[in-house]
Amino acid sequence: MDDPSVVDAPGEAPGPDEALVFDVFSRRCPSRATLEHATGRWGSLTLGALYESGCRFNELRRRVDGVSEKMLSRTLHALERDGLVHRDAKPVNPPRVDYALTPLGRAVAGQLLALIELVEGRMSEVLAARERYDAGRERDDGVGERDGGTVTTARGGR
């Protein structure tokens, strides 16, 4: 294998003298899946919600408004597998399961929260840009666009 950061088969690891170098821009790099889990809509919101303190599943579901039970469960499993979330199942009746960030999860969540704060703080600029874009699109509707030498209308016809 030429690139030690790319693992072709699960469990395949580089030899003792090879250092792992990951490149998220490489389609076969395993870091890409972790990035997707952490930065997807539900992953980033789940990590952000767990940043202040751990909580139970239903508390987390209420905090992450709009997530379904199924999607939150999938998200938590992926984040736990990646080592970002710790699941603590207590053997009591009724069962109690708490979720908390691991040290790695806290580091990732901290970066995500900085991005979230940046986006929230600049939303007026985003909304203004959307208005300008939408106004320009409305002006262009029906005029047609050039696509590789072929003129297409807004409805996709020629």
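Residue positions within a chain follow its written sequence, with the count starting from 1. In view of the model being predicted, local features appear only for residues whose pLDDT reaches at least 70, and side-chain atom pairs are presented and counted only at 80 or more, with totals across whole chains, interfaces and linings using the full set of residues. Side-chain metrics rest on all non-hydrogen atoms present in the structure, leaving aside hydrogens and water.

Quick notes on the layout of surface pockets
- Cavities and pockets are defined on a 1 Å grid built over the protein atoms alone: a cavity is a set of grid points where a 1.4 Å probe fits but cannot escape, while a pocket is an open set with protein on both sides within 12 Å along at least five of seven lines, and lining residues are those with an atom within 4 Å of any such point. Grid points are joined across faces, edges and corners, and a volume is the space filled by probe spheres set on the points. Counted as a void, the largest pocket has a volume near 360 Å³.
- Lining the largest pocket are 16 residues, with Ser44, Leu45, Gly48, Leu113 and Ile116 positioned closest to its centre.
- The set of elements that each furnish at least two residues to the lining of the largest pocket consists of helix 2 (41-50) and helix 5 (103-121).
- Only DSSP runs of H or I with at least four residues qualify as helices, and only runs of E with at least two residues qualify as strands; both kinds are numbered from the N terminus onward. With 6 residues, helix 5 is the single largest residue contributor to the lining of the largest pocket.
- Of the residues that constitute the lining of the largest pocket, the class distribution is 8 nonpolar, 4 polar and 4 charged. Following the grouping adopted for this structure description, the nonpolar residues are Ala, Val, Leu, Ile, Met, Phe, Trp, Tyr, Cys and Pro, the charged ones are Asp, Glu, Lys and Arg, and the polar ones are all others, Gly among them.

Some details on the nonpolar core
- Definition used in this section: a nonpolar core is a set of buried Ala, Val, Leu, Ile, Met, Phe, Trp, Tyr and Cys residues joined via side-chain atoms within 4.5 Å. Residue exposure (1.4 Å probe, protein chains only): buried if accessible area is under 20% of the type maximum, exposed if over 50%, otherwise partly exposed. Counting 20 residues, the largest nonpolar core has Leu47, Leu50, Leu60, Leu76, Val85 and Tyr99 as its most contacted members.
- For this core, the elements supplying multiple residues, two or more each, are helix 2, helix 3 (57-63), helix 4 (69-81), strand 3 (96-101) and helix 5.
- With 4 residues, helix 2 is the largest single contributor of residues to this core.
- Residue contacts for Leu47: discarding those within four places in its chain leaves Ala38, Leu79, Leu84, Val85, Leu101, Val108, Ala109 and Leu112. Whether two residues touch is decided by their heavy atoms; if any such pair falls within 4.5 Å, the residues are in contact.

Details of the side chain of Thr46
- The topology assignment puts Thr46 in helix 2.
- According to the relative accessible area criterion, Thr46 is buried, its value standing at 0%.
- With residues near it in sequence (within four places) discarded, Thr46 still touches Leu60, Val64, Leu72, Thr75, Leu76 and Leu79.

Considering the environment of Asp88
- Within the secondary structure, Asp88 is located in strand 2 (residues 85-90).
- Separated by 32 residues in the primary sequence, Asp88 and Arg56 have C-alpha atoms spaced 9.5 Å apart.
- For Asp88, the side chain forms a polar contact with the side chain of Lys90, separated by 2.5 Å. What qualifies as a polar contact is a pair of N or O atoms within 3.5 Å, subject to a donor-acceptor requirement within protein and to the restriction that residues adjacent in sequence count only when both atoms come from side chains.

Focus on the confidence of the model for the protein
- Per-residue confidence for the protein gives a mean pLDDT of 84; residues scoring 70 or more make up 77%.
- The low-confidence segment residues 1-11, where pLDDT is below 50, has 16 contacts with residues more than four positions distant or belonging to other chains. The quantity known as pLDDT measures the predictor's confidence residue by residue, on a range of 0 to 100.

A few points about unusual backbone geometry
- A cis amide bond links Asn93 with the next residue in sequence, Pro94, at an omega value of 0°.
- By the secondary structure assignment, Pro94 is in the loop between strand 2 and strand 3.

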